[in-house]
Amino acid sequence: RRKKIVQECEKLMDKPEQIRNIAIAAHVDHGKTTLSDNLLAGAGMISDETAGQQLAMDTKEDEQERGITIDAANVSMTHEWNDKNHLINLIDTPGHVDFGGDVTRAMRAVDGALVVVDAVEGAMPQTETVVRQALREGVKPALFINKVDRLINELQEGPKEMQERLLDVIADVNELIRGMTQDYEDRDWTVSVEDGTVAFGSALYKWGVSAPSMAETGVGFSEVIEMERNDQRKELHEQSPLSDVVLDMVAEHFPNPLEAQPRRIPTIWRGDDESELARQMREVDDDGDVVFMATDISMDPHAGEIATGRVFSGTIRKGQELYVSGTAGKNRVQSVGVFMGGEREELDRGVPAGNIAAVTGLRDAIAGSTVSSVEMTPFESIEHISEPVITKSVEATRMDDLPKLIQTLQQVAKEDPTIRVEINEDTGEHLISGQGELHLEVITQRIQKNQGIPVNTGEPIVVYREAPTQESREVEGVSPNRHNKFYITVEPLSEDIVDAIKLGDVAMDMPELERREALQELGMDKDTSQDVEHMFGTNILIDDTKGIQHLNETMELVIEGMEEALEDGPLAGEPVQGALLRLHDARLHEDTIHRGPAQVIPAVREAVHRSLIDGQVKLLEPIQDVRIDVPSEYMGSASGEIQGRRGRVDDMYQEGDLMVIEGIAPVEEMIGFSSDIRSATEGRASWNTENAGFRVLADNLQTEKITEIRERKGMKLELPPSVDYI
Ligand code: GDP
């Protein structure tokens, strides 16, 4: 049976009109896994009875244990619609906000996103986040409202109440879609029951309905309610199996690669759109140059690294030597294949444009790499949504395990680029940074259990930032030999510009004119926007000098000195963000020998630090949006949990029979929130946090926190006397 499906998939690979690349996006617990199992069972990949129990997509042990999907796993299946068989490639996405990076990468590979919303809970913050991520990538949404059985059986709602509730969910989702697509003529993407872009049902009881299915079977809304109420679920399933309803919607309403790529390429690639390569990608040319984007890297004990991703042009085959973006050499493709029910199936043939492929042999690829047969501008970086906010140290319990630990950590960083791994050179500890407490907990679990390396971990530590708060005076930096001088000022970048850089809307690798215009729209003056010389994270260097001899050859060292200064800010050695550095003037020695790295780097580093202090640099801390859903009798204790954590409650309102509390709180104070809120509400609250950037730490806490960090890092405790403003 499996073999037959593989053969069928192979046949369909060459017919892009019959391919749909899709992802399921949902808030945790809204039913993504149960729905995926329905689809797999419908396609004959797992038996009908085991659907819902097998958790076919949760392949890693820790995922099954926690019951949440952490890594994106992938599966291909076939589905007949409109008298034609279709190849459906389903990319799984993680259901927890801490794994935002994975969601965005999965969206890069697909053209349609099935948004799953729990009918009782409605659209949640994570629903909003994933829908945004899909729309930002140019991926078309459709909606499945799940757990409708609960409205009927638990809440005992009648047809009218139910209809209202479902329309509310649809309206919420549409508001989001409208906001993100109104500027595009080709994206009339709001969903509706009449159009067939909304389906609803019960993934648990395996039935679903949509306008087309109701027309076909003659079973209307009120019959469905009657049958569910009378426990005729089996009959319901037989009349309108959920997998058919959903896969019909997918086949009918999601674009095939031929329709999708002309729209998606300009959104995700900044190369020359008049080039031959652009044409090949737009037209899904399987004879063209090979262009493959790796969206996920996983480890296989036998095959090594497996890069999963989308083939945008050409045909990827065994034996090809391909470039990997960001690295110098080429890698040789060892095998190509597809994923069938969580398992990889190697193919003898190549995988053509428009498909999802699983490729081995791409040793240098990381999640997000562009892999191609010709040198090309890589796809836009995807990692702009999330920055690490929390760090933990890991140490092998046994010294013998150290090499294995290092190797595993390197692997972890390859698989998940939102993780950062560093070595603290003073203590020899390894530090891993990630999106939140759970994110790091899962990673360390994986090292311990999957790799069998016992580790000791430190307490989670919050990552801070340093940022100037006003414009500095001009500062002179002098090299040790006194022959080179640099004149620098620093000023704060606006929050809008910092956000745009984080989102990738302003970047060094975009065409200069486009960058200039983007910066001017964000309020930067024209002259400044024309002199951008370099960007370091969210910091920008402006070269205001004119015709200084030798400066061109020295610029690389100037940039290096600035980079060092910005990586370790002057207050507590934390990264600097949102600084605009201006190089006004420089004096350079005639002779290269006297303006080498040992002269230029310290001069520039010093000058940047002193100008930051003159610009009243302050410590910033990461904050999170917090949402708590709780029965009204616990409202007081729940909001107290936010307020007691240096947090702020912004809104409280009723939604269904629960109260919703929305607010913000510092990440540092949110450590341990999970168990505190549980005891404060006797386990009745459900809650959610999402990183919301960095905020200047209150003045009365600056000195204390800076001292604490300096102490932890083994820096000397006194700050320079010029730091008198905090
Ligand atoms: P995920 O976190 O989005 O993957 O959600 P799961 O598929 O793991 O489902 C979360 C919980 O909701 C599980 O206990 C499921 O059995 C349950 N569930 C899923 N779909 C339905 C449904 O249609 N009706 C009901 N009553 N429960 C459901």
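Residues numbered from 1 in each chain as written. Predicted model: local features only at pLDDT ≥ 70, side-chain atom pairs only at ≥ 80, totals over all residues.

If you check an unreviewed UniProt entry, the protein appears there as Elongation factor 2 from Salinigranum rubrum. Taken directly from UniProt, the Subcellular location (unreviewed entry) text for the protein runs: "Cytoplasm". Its UniProt record, at the heading Sequence similarities (unreviewed entry), says of the protein: "Belongs to the TRAFAC class translation factor GTPase superfamily. Classic translation factor GTPase family. EF-G/EF-2 subfamily." (UniProt positions renumbered as here; feature names shortened; annotations may be inferred.)

> Describe the overall build of the protein, and please don't skip the residues or the numbers.
In terms of regular secondary structure, the protein is built from 24 helices and 32 strands. Relative to the compact-globule value of 27 Å for 726 residues, the protein shows a C-alpha radius of gyration of 27 Å, a close match. Seen along its three principal axes, the alpha-carbon backbone of the protein occupies a region of about 85 × 65 × 55 Å. Relative to its full complement of 726 residues, the protein shows a buried share of 47%. Partitioning the contacts of the protein with sequence separation of at least 6, the portion at a separation of at least 24 is 73%. (Helix = DSSP H or I, 4+ residues; strand = E, 2+ residues; numbered from the N terminus. Rg over C-alpha atoms; globule rule 2.2 N^0.38 Å. Buried ≥ 20, exposed ≤ 12 C-beta atoms within 10 Å, placed from the backbone. Contact = placed C-beta atoms within 7 Å.)

> Quick one: what's the story with the nonpolar core, residue by residue and with numbers?
Judged by nonpolar contacts, the single largest core of 103 residues is most densely connected at Ala 113, Leu 114, Val 115, Ile 145, Val 246, Phe 292 and Ala 357. Apart from residues no more than four positions distant in its own chain, Val 115 is found in contact with Ala 25, Ala 26, Thr 127, Val 131, Pro 141, Leu 143 and Val 173. Ranked by size, the runner-up nonpolar core spans 73 residues in total, among them Val 442, Ile 447, Leu 571 and Ala 572. (Core = buried A, V, L, I, M, F, W, Y, C linked by C-beta atoms within 7 Å.)

> Outline the pairing of strand β5 (residues 140-146), supporting the account with residue identities and numerical values.
Of all seven residues making up β5, seven are buried, and the element is well covered by its neighbours. Burial of β5 is two-sided: the residues Lys 140, Ala 142, Phe 144 and Asn 146 facing one way and the residues Pro 141, Leu 143 and Ile 145 facing the other way are all buried. Pairing of strand β4 (residues 112-118) with β5, which is carried by seven bridges, proceeds in the parallel orientation. The residue of β5 that forms the bridge with Asp 118 is Asn 146. For the handedness criterion, the β-α-β arrangement of β4, helix α5 (residues 125-136) and β5 is classed as right-handed. Bridge analysis of β5 against strand β6 (residues 198-202) gives three bridges, and the strand direction is parallel. Bridging across to β6, Ile 145 finds its partner in Phe 200. (Pairing = 2+ DSSP bridges. Right-handed = clockwise from strand over helix to strand, strands pointing away.)

> Before we move on, could you go through the confidence of the model for the protein and cite the residues and values that matter?
With 92% of its residues at a pLDDT of 70 or more, the protein shows a mean pLDDT of 87. Model confidence for the complex: the whole-complex pTM is 0.71, and ipTM, which rates the interface, is 0.99. (pLDDT = per-residue confidence, 0-100.)

> Explain the packing of helix α21 (residues 635-643) against helix α23 (residues 673-680) to me, using residue names and the numbers behind them.
In the contact formed by α21 and α23, the axes pass within 9 Å of each other and the chain directions differ by 155°. By the angle class used here, α21 and α23 are roughly antiparallel. For the pair α21 and α23, the crossing hand works out as right-handed. Contacts between α21 and α23 involve Ser 637, Ala 638 and Glu 641 on the former and, on the latter, Asp 676, Ile 677 and Ala 680. Residue classes in the contact of α21 with α23 are distributed as three nonpolar, one polar and two charged. (Axes fitted to C-alpha atoms, helices over the stretch in contact; angles between N-to-C directions. Parallel < 35°, antiparallel > 145°, perpendicular 65-115°, else oblique. Left-handed = near helix turned anticlockwise from the far one by under 90°. Nonpolar A, V, L, I, M, F, W, Y, C, P; charged D, E, K, R; others polar.)

> Can you explain the pairing of strand β27 (residues 539-543)? Please cite residues and give values.
The buried fraction of β27 is high, at four of five residues. Direction of pairing for strand β26 (residues 532-536) relative to β27: antiparallel, over a ladder of four bridges. Of the residues in β27, the one forming a bridge with Met 535 is Ile 540. The antiparallel pairing of β26 with β27 creates a hairpin that spans two residues between the two strands, and Gly 537 there sits at a positive phi of about 60°.

> I'd like a description of unusual backbone geometry, backed by residues and values.
With phi around 65°, Asp 83 is a residue other than glycine that occupies positive phi space. Considering the arrangement of structural elements, one finds Asp 83 in the loop between β2 (74-81) and β3 (84-91).

> Go over the packing of helix α19 (residues 551-567) against helix α20 (residues 597-614), please, and point to the residues and values.
With their axes 8 Å apart at the nearest point, α19 and α20 run at an angle of 45° to one another. Judged by the angle between their axes, α19 and α20 are oblique. In this structure, α19 meets α20 at a crossing whose hand is right-handed. Together, Thr 554, Leu 557, Val 558, Glu 560, Gly 561, Met 562, Glu 564, Ala 565 and Leu 566 of α19 and Pro 597, Val 600, Ile 601, Ala 603, Val 604, Arg 605, Val 608 and His 609 of α20 make up the contact between the two elements. Grouping the amino acids of the contact of α19 with α20 by side-chain chemistry returns 11 nonpolar, three polar and three charged.

> I'd love a proper account of α20, names of residues and values included.
Helix length check: α20 (18 residues) gives 25 Å between terminal C-alpha atoms against 26 Å at 1.5 Å per residue, within 8%. Extensive coverage of α20 is indicated by the burial of 14 of its 18 residues. (Expected span 1.5 Å × (residues − 1).)

> Run through the sheet that holds strand β24 (residues 475-478), naming residues and quoting values.
The mixed open sheet is built from five strands, whose spatial order is β24-β25-β28-β27-β26. A single partner strand is all that each edge strand has here, and the edge strands are β24 and β26. Across the sheet, the axes of successive neighbouring strands diverge by a mean angle of 25°, strand direction being ignored. Summarising the sheet, strand β25 (residues 485-492) and strand β28 (residues 579-587) pair through eight bridges and their orientation is antiparallel. In the strand pairing of β28, Thr 489 is matched with Arg 582.

> So what's going on with the environment of Thr 689? Which residues, and what values?
Mapped onto the secondary structure, Thr 689 falls in strand β32 (residues 686-696). A sequence separation of 24 residues divides Thr 689 from Ala 665, and the C-alpha atoms of the two residues are 9.4 Å apart. Setting aside its immediate chain neighbours within four residues, Thr 689 contacts Gln 624, Asp 625, Val 626 and Met 670.

> I'd like to hear about the environment of Gly 201, residue by residue, with values.
Note that Gly 201 resides in strand β6. Of the residues examined, Gly 201 has 30 C-beta atoms within 10 Å and is grouped as buried. Taking the C-alpha atoms as reference points, Gly 201 and Asp 118, separated by 83 residues in sequence, lie 10.0 Å from one another. If we ignore the near neighbours within four places in the chain, the residues touching Gly 201 are Val 148, Trp 207, Gly 208, Val 209, Leu 242 and Val 245.

> Got a sec to walk through the environment of Leu 717? Specific residues and values, please.
Mapping Leu 717 onto the fold places it in the segment after α24 (699-713). Remark: the alpha-carbon pair of Leu 717 and Ala 572, spanning 145 residues in sequence, is separated by 9.5 Å. In this structure, Leu 717 is in contact with Thr 707, Arg 710 and Glu 711, ignoring residues within four places of it in sequence.

> Can you break down the sheet that holds strand β9 (residues 304-313) residue by residue, with the values?
An order of β12-β11-β17-β8-β9-β16-β13-β14 is seen for the eight strands of this open sheet, with the pairing classed as antiparallel. Two strands lie at the open edges of the sheet, namely β12 (330-332) and β14 (343-347), each paired on one side alone. Here the strands of the sheet are splayed against their neighbours by 40° on average, with no regard to which way each runs. Examined bridge by bridge, strand β11 (residues 321-324) and strand β17 (residues 370-372) share two bridges and lie antiparallel to one another. Paired with Tyr 323 across the bridge in β17 is Ser 372.

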